[in-house]
Amino acid sequence: MSSIDASIPPPTAPRPAALDALGTRARFGHENYINANYGIKSWLLTKDHKRIALLYLASVTVFFILGGIYALTIRLELLTPAGDIVQPMTYNKLFTQHGIIMIFFFLIPSIPAVLGNFLVPLMIGAKDLAFPKLNLLSWYLYLIGALFTIWALLNGGIDTGWTFYTPYSTTFSNSYVVAAGLGIFINGFSSILTGLNFIVTIHTMRAPGMTWFRLPLFIWSHYATSLIMVLGTPVIAITILLVAMERIVHIGIFDPRLGGDPVLFQHFFWFYSHPAVYIMILPSMGVVSELISTHSRKNVFGYSFVAFSSLAIAVFGFLVWGHHLFTSSQSVYAGMIFSFVSFAVAIPSAVKVFNWTATLYKGSISYDTPMLYALGFIGLFTIGGLTGLFLAALGLDVHLTDTYFIVAHFHYIMVGGALMGYLGGLHNWWPKITGRMYPEGWGRFSALVIFVGFNLTFFPQFLLGYMGMPRRYHAYAEEFQVLNVMSTAGASILGFGLLIPGIYFIWSMRYGKFAPANPWAATGLEWRTASPPPTENFFRTPVVTWEAYEYRPMEEMEVIGPDKEQAAQPAHGEATT
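Residues numbered from 1 in each chain as written. Predicted model: local features only at pLDDT ≥ 70, side-chain atom pairs only at ≥ 80, totals over all residues. Heavy atoms only, no water.

A. Molecular detail of the overall build of the protein. When helices and strands are counted, the protein shows 16 helices and 2 strands. Relative to the globule expectation of 25 Å for 577 residues, the C-alpha radius of gyration of the protein, 24 Å, shows essentially globular dimensions. Projected onto its principal axes, the C-alpha positions of the protein cover 70 × 50 × 45 Å. The proportion of buried residues among the 577 residues of the protein is 58%. Residue pairs in contact within the protein that sit at least 24 positions apart in sequence constitute 81% of those at least 6 positions apart. If you sum the accessible surface of the protein, you get close to 22000 Å²; carbon and sulfur atoms cover 71% of it. (Helix = DSSP H or I, 4+ residues; strand = E, 2+ residues; numbered from the N terminus. Rg over C-alpha atoms; globule rule 2.2 N^0.38 Å. Buried < 20%, exposed > 50% of the residue type's maximum accessible area, 1.4 Å probe, protein only. Contact = heavy atoms within 4.5 Å. Areas by Shrake-Rupley, 256 points an atom, 1.4 Å probe, with all protein chains shown as cover.)

This is how it looks when you write it as structure tokens:
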């Protein structure tokens, strides 16, 4: 049984039943972060990391829906070979705005800003993040950056592609490049503050007994992600600033007519943007480590290898940007080095996949919704990773560059990896976040629909790319239509599958069953406090005396709170093994 710091005074009596922020009665048996205060002001000025996580959740969901609308419009345009829905310039704006919104305003902040904000203090036994005011400021910076970008979209849009390649973005484009760039520039400071907050919190605010090698792998992945955020984001911020200066005052950094070098922009851009891939995927890997362990009832195989592989991915991520420039004026020798390092970065990713598979071996697996997303992540990320090796090969990359093979590979990593991890994490920790259970049957159904829809959408694009269909074209040769029809049909199924969780999550906040403190019989500290957690996270300071993922009988896994009934048998899965 875990030890408890007896010097902490006992909690106050639970608040009487009252209308809470979700429109339900506060019948959780304790005052929690949701019903502690009421009113818009209490949310907009909150310094509680859990409430800020919910603010981020609402924000990124809005941008995910907006980016999804752009995606469905693109797929409808590609249903027929002729460009019969939008004009070529409009199509350029569609895929540009889809990329900008999904990458900078959904994928990058989704897991760190939502699940990371909510769970990092809970998982290490802290009351909050190290800098609560900076945490709130990061959300406001995110919103300000988003408003600039939305303004650019509403006033004509951007047509440069999400990569803003020069000299088109600096000299020839007549769209709102500076406004969109300013939005991304401001949003970058939000990422930097979040990463800084996580690093300081993990270093200085761990509970007594929470050593580095007792940390959940979710924390290790967020620590590695935070290093990339703090070290890499300033590079893209400065690069975008240089693009704006080039457009406005013609300083000649990237313009060859003024002595600049357009390939220099690609080096600057990809020095950040390839590590940014790991900003999107590393947190998802941390989520999957938790889900695999929890729903197979086993310690993660090779814990230390999985932990250090996160740091290795972060380090290698800064050394492989040149594989995006194989078809540029980059020297052949530089290309050979970047090719070698690109193959090497697959090793720590493979360590994770092999160790997750070994964890599943002879485990007591329960196919709950989070586990389905974790298994889907492994399958889709493996396909994305293996096809990345094709692109790391110099000869193959020349053939596949700027074809739909790139589109498919990128989406298998980002959507199949980052999004599956995000949805799996939301389902796993939804009972802790809201104190409510979602309908498990609908959760499993939606996970399967999303998996099928995703593969039907993007796997045909590997074939299209191999056959030579270029990306970013609004019209194409007729021989490519069958595969494009399959891809558009898959996008419709995928969109339907993604709509289902949005419906039942909202439904569950009012009608879902009340969640026990530990519905999955998991081992982490976040499951040893009430659902939803109190404002201060723990009624008493936890003292960690167990190893990471140490499974023991439920009666030995004490809930640190006043309501012992919340420690009842879990809603799903085995309770005692």
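B. Fine view of the packing of aromatic side chains. The final tally for this structure, using the stated rule, is 44 aromatic pairs. With 4.6 Å between their ring centres and 35 degrees between their planes, Phe 64 and Phe 106 make a pair best called tilted. Of this pair, Phe 64 sits in helix 2 (residues 49-77) while Phe 106 sits in helix 3 (residues 88-124), and the two are 42 residues apart along the sequence. Phe 106 carries the same exposure label as Phe 64, and that label is buried. Relative to Phe 410, the ring of Trp 162 lies with its centre 6.3 Å away and its plane at 35 degrees, an arrangement referred to as tilted. With Trp 162 in the loop between helix 4 (132-154) and helix 5 (168-172) and Phe 410 in helix 14 (residues 404-434), the pair connects residues that are 248 residues apart, well separated along the chain. (Phe/Tyr/Trp six-rings, centres within 6.5 Å; stacked < 30°, edge-to-face > 60°.)

C. Main features of the packing of helix 8 (residues 262-296) against helix 11 (residues 346-360). Axis separation between helix 8 and helix 11 bottoms out at 9 Å; the angle between their running directions is 15 degrees. With respect to their mutual orientation, helix 8 and helix 11 come out roughly parallel. Every pair of crossing elements has a handedness; the one defined by helix 8 and helix 11 is left-handed. On helix 11, the residues touching Leu 282, Met 285, Val 288, Ser 289, Ile 292 and Ser 296 of helix 8 are Ser 349, Lys 352, Trp 356, Thr 359 and Leu 360. Considering only residue class, the contact of helix 8 with helix 11 consists of 6 nonpolar, 4 polar and 1 charged. (Axes fitted to C-alpha atoms, helices over the stretch in contact; angles between N-to-C directions. Parallel < 35°, antiparallel > 145°, perpendicular 65-115°, else oblique. Left-handed = near helix turned anticlockwise from the far one by under 90°. Nonpolar A, V, L, I, M, F, W, Y, C, P; charged D, E, K, R; others polar.)

D. Looking closely at unusual backbone geometry. Cis rather than trans, the peptide bond between Thr 166 and Pro 167 has omega equal to 5 degrees. Relative to the elements of secondary structure, Pro 167 occurs in the loop between helix 4 and helix 5. The amide bond that connects Ser 531 to the next residue, Pro 532, takes the cis arrangement and shows omega of -10 degrees. Checked against the element boundaries, Pro 532 lands in the loop between helix 16 (481-511) and strand 2 (542-543). The phi torsion at Asp 402 lies on the positive side, around 60 degrees, for a residue other than glycine. With respect to the helices and strands, Asp 402 occurs in the loop between helix 13 (394-400) and helix 14. Judged by its relative accessible area of 42%, Asp 402 is partly exposed.

E. Main features of the nonpolar core. Judged by nonpolar contacts, the single largest core of 156 residues is most densely connected at Leu 115, Phe 218, Phe 377 and Tyr 422. With 22 residues, helix 3 is the largest single contributor of residues to this core. (Core = buried A, V, L, I, M, F, W, Y, C linked by side-chain atoms within 4.5 Å.)

F. Seen up close, helix 8. With 35 residues, helix 8 ought to run about 51 Å at 1.5 Å a step, and its terminal C-alpha atoms sit 51 Å apart, in line with that. Of all the bends in helix 8, the greatest, near 30 degrees, is centred on Trp 270. Counting buried positions over the 35 residues of helix 8 gives 30, a clear majority of the element. The N-capping residue of helix 8, defined by a side-chain oxygen 3.0 Å from the backbone nitrogen of Val 263, is Asp 261. Positive phi shows up at Arg 297, right after helix 8, with a value of about 60 degrees. (Expected span 1.5 Å × (residues − 1). Bend = angle between axes of the 7 residues up to and from the residue. Polar contact = N/O pair within 3.5 Å; in protein donor to acceptor, adjacent residues only side chain to side chain.)

G. Quick look at a nonpolar patch on the surface. Together, Val 178, Leu 241, Met 245, Ile 248, Val 249 and Ile 251 line one region of the surface with nonpolar side chains, adding up to about 470 Å² of accessible area. No other element matches the 4 residues that helix 7 (residues 217-249) contributes to the nonpolar patch. Counting through the fold element by element, Ile 248 comes out in helix 7. Of the residues examined, Ile 248 reaches a relative accessible area of 56% and is grouped as exposed. (Patch = residues over 30% accessible without salt bridge, like charges linked within 9 Å, V, L, I, M, F, W, Y side chains within 5 Å. Salt bridge = Lys/Arg side-chain N within 4 Å of Asp/Glu carboxyl O.)

H. Summary view of the environment of Thr 194. Along the chain, Thr 194 turns up in helix 6 (residues 177-204). With 78 residues separating them in the primary sequence, Thr 194 and Gly 116 have C-alpha atoms 9.3 Å apart. Not counting chain neighbours up to four residues away, the residues in contact with Thr 194 comprise Tyr 56 and Ser 138.

I. A look at the pattern of salt bridges. Within the structure shown, the criterion is met by 6 salt bridges. With its nearest N and O atoms 2.9 Å apart, the salt bridge here joins Asp 48 to Lys 50. Both residues of the pair, Asp 48 and Lys 50, belong to the buried class. Linking Asp 368 and Arg 444 is a salt bridge whose minimum nitrogen-to-oxygen distance equals 3.4 Å. Of this pair, Asp 368 sits in the loop between helix 11 and helix 12 (369-392) while Arg 444 sits in helix 15 (residues 440-467), and the two are 76 residues apart along the sequence. One continuous salt-bridge network, built from bridges that share partners, spans Asp 368, Glu 440 and Arg 444.

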